[in-house]
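Residues per chain, in single letters:
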Amino acid sequence: MQLEDLMKVKKQSETMRQNWLDVWEEIAYYVLPSKVGFNSKHVPGERQKWSRRFDTTAGQANKTLANHLHMALCSPSQAWFEGEFTDPELNKNDAAKEWAEDTTERMFKAFNYSNFNGKINTFFQTLCAFGTSNLEAGFISTPREPFSLVFKTVSLGDFTFDVNVDERIDTIFQDVRMSQRQAEQKFGKKFQSKSNTDYNGKLKFTKIIHPNEDFDPDSLNPKKRDIMVVWEQGGEEILVEYEWEMPQMVARFDEIYDDYYGEGPAIVCLSDIRSINTAKRLEFRGYEKAIDPPLMGAPNGIIGDLHINAGGFTQVRDPRMIGEMPGQMNFQLAMTKGEELRDSIRKAYKIDELMVPERKGQNPATATEIQIRYEQMQKMMGATVGRIETELLKPLIKRVFGVMMRNGQFAEMPEEIAGADFDFRYTGPLAKSQISQDAVAVERLLQAEMALAQIDPAVIAVIDHEKAMRLLADRYSVPAIVIRSEKEVKQIQEAQAQQAAQQQQNQQAMEGAQAQQAQADADMANVELLQNVQGM
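As the structure is a computational prediction, the values presented were derived from the model and not from experiment. (Residues numbered from 1 in each chain as written. Predicted model: local features only at pLDDT ≥ 70, side-chain atom pairs only at ≥ 80, totals over all residues. Heavy atoms only, no water.)

(A) Structural context of the overall build of the protein. The secondary structure content of the protein amounts to 14 helices and 16 strands. Here the protein, with 536 residues, has 35% of them falling under the buried criterion. Long-range contacts, defined here as pairs at least 24 residues apart, represent 66% of the contacts in the protein between residues at least 6 apart. (Helix = DSSP H or I, 4+ residues; strand = E, 2+ residues; numbered from the N terminus. Buried < 20%, exposed > 50% of the residue type's maximum accessible area, 1.4 Å probe, protein only. Contact = heavy atoms within 4.5 Å.)

(B) Layout of the nonpolar core. V31, W80, F124, Y349, L392 and L396 are the most contacted members of the largest nonpolar core, which totals 91 residues. Ranked by residue count, the leading element in this core is helix α10 (residues 367-406), at 11 residues. In this structure, L3, L6, F173 and I208 belong to the second largest nonpolar core, which totals seven residues. (Core = buried A, V, L, I, M, F, W, Y, C linked by side-chain atoms within 4.5 Å.)

(C) Inspection of the confidence of the model for the protein at higher detail. Model confidence for the protein is summarised by a mean pLDDT of 82, while 82% of its residues fall at 70 or above. The element-level mean pLDDT for the protein is lowest in helix α11 (residues 429-435), coming to 60, with helix α4 (residues 116-130) highest at 95. (pLDDT = per-residue confidence, 0-100.)

(D) Spotlight on helix α2 (residues 57-74). Across its 18 residues, α2 extends 25 Å between first and last C-alpha, which sits within 8% of the 26 Å expected from 1.5 Å per residue. Looking at α2, one finds that the buried residues are T57, A58, G59, A61, N62, L65, A66, L69, H70, A72, L73 and C74. (Expected span 1.5 Å × (residues − 1).)

(E) View of the packing of aromatic side chains. A full pass over the atoms with the stated rule returns 26 aromatic pairs. Residues W99 and F422 carry aromatic rings whose centres are separated by 5.2 Å and whose planes lie at 75 degrees to one another, so their mutual orientation is edge-to-face. On the criterion of sequence distance, the pair formed by W99 in helix α3 (residues 94-113) and F422 in strand β16 (residues 422-426) is long-range, its members being 323 residues apart. Their ring planes at 15 degrees and their centres at 5.8 Å tell us that F111 and F151 sit as a pair that is stacked. Taken as a pair, F111 in helix α3 and F151 in strand β3 (residues 148-153) lie far apart in primary sequence, 40 residues in all. Judged on exposure class, the residue F111 and its partner F151 are both buried. The structure contains a cluster of three or more aromatic residues connected by ring pairs, namely W80, F81, F85, W99, F111, F116, F151, F401, F410, F422 and F424. (Phe/Tyr/Trp six-rings, centres within 6.5 Å; stacked < 30°, edge-to-face > 60°.)

(F) Examining the layout of surface pockets more closely. Estimated volume of the second largest pocket: approximately 1,400 Å³. Taken together, 38 residues form the lining of the second largest pocket, with E245, M246, K394, P395 and K398 sitting closest to its centre. Elements supplying a minimum of two residues to the lining of the second largest pocket: β5 (169-178), β9 (248-252), α10 and β16. Considering every element that reaches the lining of the second largest pocket, the biggest residue donor is α10, with 10 residues. For the lining of the second largest pocket, the per-class residue count stands at 19 nonpolar, five polar and 14 charged. (1 Å grid on protein atoms, 1.4 Å probe; cavity = no way out; pocket = protein on both sides within 12 Å on 5 of 7 lines; lining within 4 Å. Points joined across faces, edges and corners; volume = space filled by probe spheres on them. Nonpolar A, V, L, I, M, F, W, Y, C, P; charged D, E, K, R; others polar.)

(G) How the structure looks around the sheet that holds strand β2 (residues 132-140). With antiparallel pairing, three strands are arranged side by side in an open sheet as β3-β2-β9. Edge positions in the sheet fall to β3 and β9, since each of these pairs with one other strand and no more. Put simply, the sheet's adjacent strands are angled 25 degrees from each other on average, direction ignored. Each of β2, β3 and β9 is contacted by α4, which is oriented at about 165 degrees to β2, the strand it contacts most. (Pairing = 2+ DSSP bridges. Axes fitted to C-alpha atoms, helices over the stretch in contact; angles between N-to-C directions.)

(H) Highlighting a negative patch on the surface. A contiguous patch of negative charge, built from D94, E98, E101 and E488, is present on the exposed surface. Per-element tally for the negative patch: the top contributor is α3, with three residues. Considering the arrangement of structural elements, one finds E101 in helix α3. A relative accessible area of 31% means that E101 is categorised as partly exposed. (Patch = residues over 30% accessible without salt bridge, like charges linked within 9 Å, V, L, I, M, F, W, Y side chains within 5 Å. Areas by Shrake-Rupley, 256 points an atom, 1.4 Å probe, with all protein chains shown as cover. Salt bridge = Lys/Arg side-chain N within 4 Å of Asp/Glu carboxyl O. Lys, Arg positive; Asp, Glu negative; His and termini not counted. Charge placed at Lys NZ, Arg CZ, Asp CG, Glu CD.)

(I) Up close: unusual backbone geometry. Of note in this structure, E167 is not a glycine but carries a positive phi near 60 degrees. Within the secondary structure, E167 is located in the loop between β4 (159-163) and β5. A relative accessible area of 58% means that E167 is categorised as exposed. Of note, K350 is a non-glycine position whose phi angle comes to about 60 degrees, a positive value. Classification of K350 as partly exposed rests on a relative accessible area of 27%.

(J) Region of the structure containing the sheet that holds strand β7 (residues 227-233). On the basis of which strands lie adjacent, the open sheet formed by five strands has the order β4-β5-β6-β7-β8 and antiparallel pairing. The outermost strands of the open sheet, each flanked by one partner alone, are β4 and β8 (236-243). Put simply, the sheet's adjacent strands are angled 20 degrees from each other on average, direction ignored. For β4 and β5, the ladder comprises five bridges, and the chain directions are antiparallel. Within β5, the residue paired with F159 across the bridge is Q174. Relative to β4, helix α1 (residues 3-30) is tilted by about 105 degrees, and along the sheet it contacts β4, β5, β6 (203-211), β7 and β8. The sheet contacts of helix α5 (residues 180-187) involve β5, β6, β7 and β8, and relative to β5 the element is tilted by about 130 degrees.

Rendered as structure tokens:
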């Protein structure tokens, strides 16, 4: 597409986004005040951003849900993905399994050594609040700085997007602001701006990411790569870059029919969030009146000035002529109604189902209880999790793998697997809870087998124990280095069979020799007996 056509698509996408700006602005005031600015620009640190927030229930619930998604989908404490070859036979090859595990470990370390965990948490907070979020994945590799992954969260107010015929996001328009120094670093020292700076002294650019119509997977020409990145300013094309993968991943919490943007829990319970903040504001006014109540009095009932400060003295003509204004706030009603609204907000964010209840003075939650929580999370948010995997995690892993592969961050692939198709599966806590049901069933069957074998040993032959152990190892992501291959197991079994046969043969030979010795001893005894009889 020509730049002019792309800018027309951008204008259409901005028109579609316009309907959401007021909603996002209101949510930002109540849930994420630092994100205020969809409809207006604020000076950094401006107090106006926090002027409408009187209750923190929605903000805390939003952060709690974001933390749960972070830990459940891409925990920094354990690898949440696992590399494997698409050919099942290759996954049985020892060299292939070791290379896949080494690749997974290197990628996981690269994630943790970068700024990924901080940015992905911000990504999830934005996703839960506004329903749509954007993460950009790149890298740094210069003589000054060694290779390192770099992640950025793109503000929701700074980008729009378009979808293809399959309703998949394939084109992103991002408004980028740079200082003159940053622009020279990006576009060269001879760069001359085509437009004036904004209120912050920044230059404005448009970054357009879209599919390359000339894509050729077999070509080594950089211009034949899958993605084009066009930089525009003042209607002119400044720079064109080419990428093998989509550098930005836009994900949605819940999809809305006939709309591109997503819907998050904050949008679902926005009326309750608005109500609790209004009620809290009125409640604070009630506290203020209760602590320092308004006064009333008769005309000319006070001689001089009214002194309400501590130790103040006010002269009155008649004490009955001055007093507190009647009409006190019903604090019990306010607290009851406020708790109802807070419960409604927490239910929208699924907080009660996600949190493990505190047990004061008791042992902490067991692994089984935590597993049940993950299962509940999967049931409640299965569609959302599936969408996040499709729109975020899958393209993110593809992007990071490609970047690290092209920058020589992996070990050399063995010759027997060179050129084989390689893919990833998700093994985070939530993904494990999805596939652990058959592992739990196998464990229960093995326990039942042990009990029944005491009554009838023949039941042991019912279960293929080798396949059962391999299934458990797969479900629990056991490192391949501790699992013997089927070939090794077969060799061990053959060696054990040969050893058993040799032992049996030796035993039979020993028994034969013993029988022959016994027969010889018996014959000798008979001869001696016969000689004794003849000598009598």
